[in-house]
Amino acid sequence: RLPVWVDIRTFSSAKLRSSGPAAWRDNSRARPRPSAWTQSGAKRLFDCALVVATLTLLIPALLLVALAVRITSRGPVLFLQSRVGRFGRPFTILKFRTLDHRPNDSPGAPRFTILGRWLRGWKLDELPQLFNVLTGAMSLVGPRPKLAEYEPRIPLCRPGITGAATLMFAREDELLEQFPRLRSRETYRTVVMPAKCRHDDRYMAEATFFSDLKLLIDTLFHRWETGAVQDLVSAPSMEACASMPRLPAAAHRPPPRFQGPLLPRMNVITAAEAGANR
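The model shown is predicted, which means the values in this text are computed figures rather than measured ones.

Student: It is not clear to me how the overall build of the protein chain should be interpreted in this structure. Could you clarify?
Tutor: Scanning the protein chain from N- to C-terminus turns up ten helices and four strands. Mapped in sequence order, the helices and strands of the protein chain form the string α-α-β-β-α-α-β-β-α-α-α-α-α-α. Counting across all 278 residues of the protein chain, residues that qualify as buried make up 55%. Pairs at least 24 residues apart make up 73% of the contacts formed inside the protein chain by residues separated by at least 6 positions. Counting every atom, the protein chain has about 13,500 Å² of accessible surface; 63% of that belongs to carbon and sulfur.

Student: Help me understand the nonpolar core in this model?
Tutor: Taken as a class, soluble globular proteins show a tendency for nonpolar side chains to be buried jointly. Counting 34 residues, the largest nonpolar core has Phe 96, Leu 140 and Tyr 203 as its most contacted members. Mapped onto this core, the elements with two or more residues apiece are helix H2 (41–72), strand S1 (78–84), strand S2 (90–96), helix H4 (129–135), strand S3 (139–141), helix H5 (164–168), helix H7 (185–206) and helix H8 (209–220). Among residues more than four places away in sequence, those in contact with Tyr 203 are Val 141, Ala 164, Ser 211, Asp 212 and Leu 215. Counting nine residues, the second largest nonpolar core, distinct from the first, contains Met 168, Tyr 188, Val 192 and Ala 195.

Student: Which parts of the structure should I look at to understand a nonpolar patch on the surface?
Tutor: On the surface, Phe 209, Phe 210, Leu 213, Ile 217, Leu 220 and Phe 221 cluster together into a nonpolar patch covering about 610 Å² of accessible area. On the secondary structure map, Ile 217 appears in helix H8.

Student: For this particular structure, what's the right way to read H2?
Tutor: Bending of H2 peaks at approximately 55° at the position of Leu 57, with proline Pro 60 no more than four residues after it. Regarding H2, the residues found buried are Lys 43, Arg 44, Phe 46, Asp 47, Val 51, Leu 55, Leu 62, Val 65, Ala 66 and Val 69. Turning to H2, the residues buried within the fold contact helix H1 (36–39), S2, helix H3 (116–121), H4, S3 and H8.

Student: I tried to follow the pattern of salt bridges on my own but got confused; where do I start?
Tutor: Opposite charge on two side chains lets them pair, provided their charged atoms get close. In total, this model carries seven salt bridges according to the counting rule given. Residues Lys 43 and Asp 212 are paired through a salt bridge, measuring 2.7 Å at the closest nitrogen-oxygen approach. Of this pair, Lys 43 sits in helix H2 while Asp 212 is found in helix H8, placing the two residues 169 residues apart along the sequence. Of the two residues, Lys 43 and Asp 212, both sit in the buried class. Two residues, Asp 201 and Arg 153, come together in a salt bridge whose shortest N-O distance is 2.8 Å. Here the residue Asp 201 occupies a position in helix H7, and Arg 153 occupies one in the loop between S3 and strand S4 (160–162), the gap between them amounting to 48 residues. A relative accessible area of 15% means that Arg 153 is categorised as buried. Salt bridges here are not isolated pairs; linked through shared partners, they connect Lys 214, Asp 218 and Arg 223.

Cut-offs and rules
Position numbers for residues count from 1 along each chain, tracking the sequence in the order it is written. Under the rules for a predicted model, residues below a pLDDT of 70 receive no local features and side-chain atom pairs below 80 are neither given nor counted, while totals for whole chains, interfaces and linings still include all residues. Values shown for side chains rest on all heavy atoms present in the structure; no hydrogens or waters enter the calculation. Numbering of helices and strands starts at the N terminus; helices are DSSP runs of H or I of at least 4 residues and strands are runs of E of at least 2. For every residue, the accessible area obtained with a 1.4 Å probe (protein chains only) is divided by the maximum for its type, and the residue is called buried under 20%, exposed over 50%, and partly exposed between those limits. Any pair of residues with heavy atoms lying within 4.5 Å of one another is described as a contacting pair. Accessibility throughout is a Shrake-Rupley quantity obtained with a 1.4 Å probe, and a residue counts as covered only by protein chains that appear here. We call a set of buried Ala, Val, Leu, Ile, Met, Phe, Trp, Tyr and Cys residues a nonpolar core when their side-chain atoms join them within 4.5 Å. Each patch groups residues whose relative accessible area exceeds 30% and which form no salt bridge, using 9 Å between like charges and 5 Å between nonpolar side chains of Val, Leu, Ile, Met, Phe, Trp and Tyr. Counted as salt bridges are all cases of a side-chain nitrogen of Lys or Arg within 4 Å of a carboxyl oxygen of Asp or Glu. Axes are fitted to the seven residues ending at a residue and to the seven starting at it; the angle between these axes is taken as the bend at that residue.

These results come straight from atomic positions and should not be treated as a statement about function.
This is the structure in structure tokens:
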């Protein structure tokens, strides 16, 4: 029997490689290789040292947020979900729950809790991922870990709490509300997701200790870089789709059965669902 703060309904037991090896072929020749810093033990040491140093200061904040989530909405405190990690290894990502807790078969799109939008706006729902960093599943800086259905490639580096695409798409929830044409699942897969991958690949190929440090500081002070996003939404959708690489057909498989409430059964991406790949 699991404690009340674990949302067992959102913990995916499906195998991430259930669609066969074709969906997991290595596309490393079509993308830049990660830099030496990204693959180094020094980066791992930097991550662990910084997390241990900050956790002593953040534990009171973590407890306060957990208590607020528990008091203001029904359901568990943490949201658990299976994501794709380095070299395709699945791991369980930790987040503070920001959506209403409901059974998987409940109709309608998920809704934010009272504190949900505020937690996402200040990125406080990501704080439990510091424990993912300690376990080695994640890094402080790297591409955001994706659901299996949105990850057609084998990740060559650890996913991160923040990254280049994270800063550029920091206001993704508002973006989807302002531009309805991006809410189509097909457009989201062929325009938004490839744009994220492109920015992350470019950054990880040139990443250094100082660039990671600058990105962490920008994240801490909410210095969002939204210029690329404005260029993306200003282009006609068909031209944007044609100019950006499409995900392989294997990535269009349906989500695992128990993937969680962030994947409602509909053909439109909602603002709440945008958090599925945050």
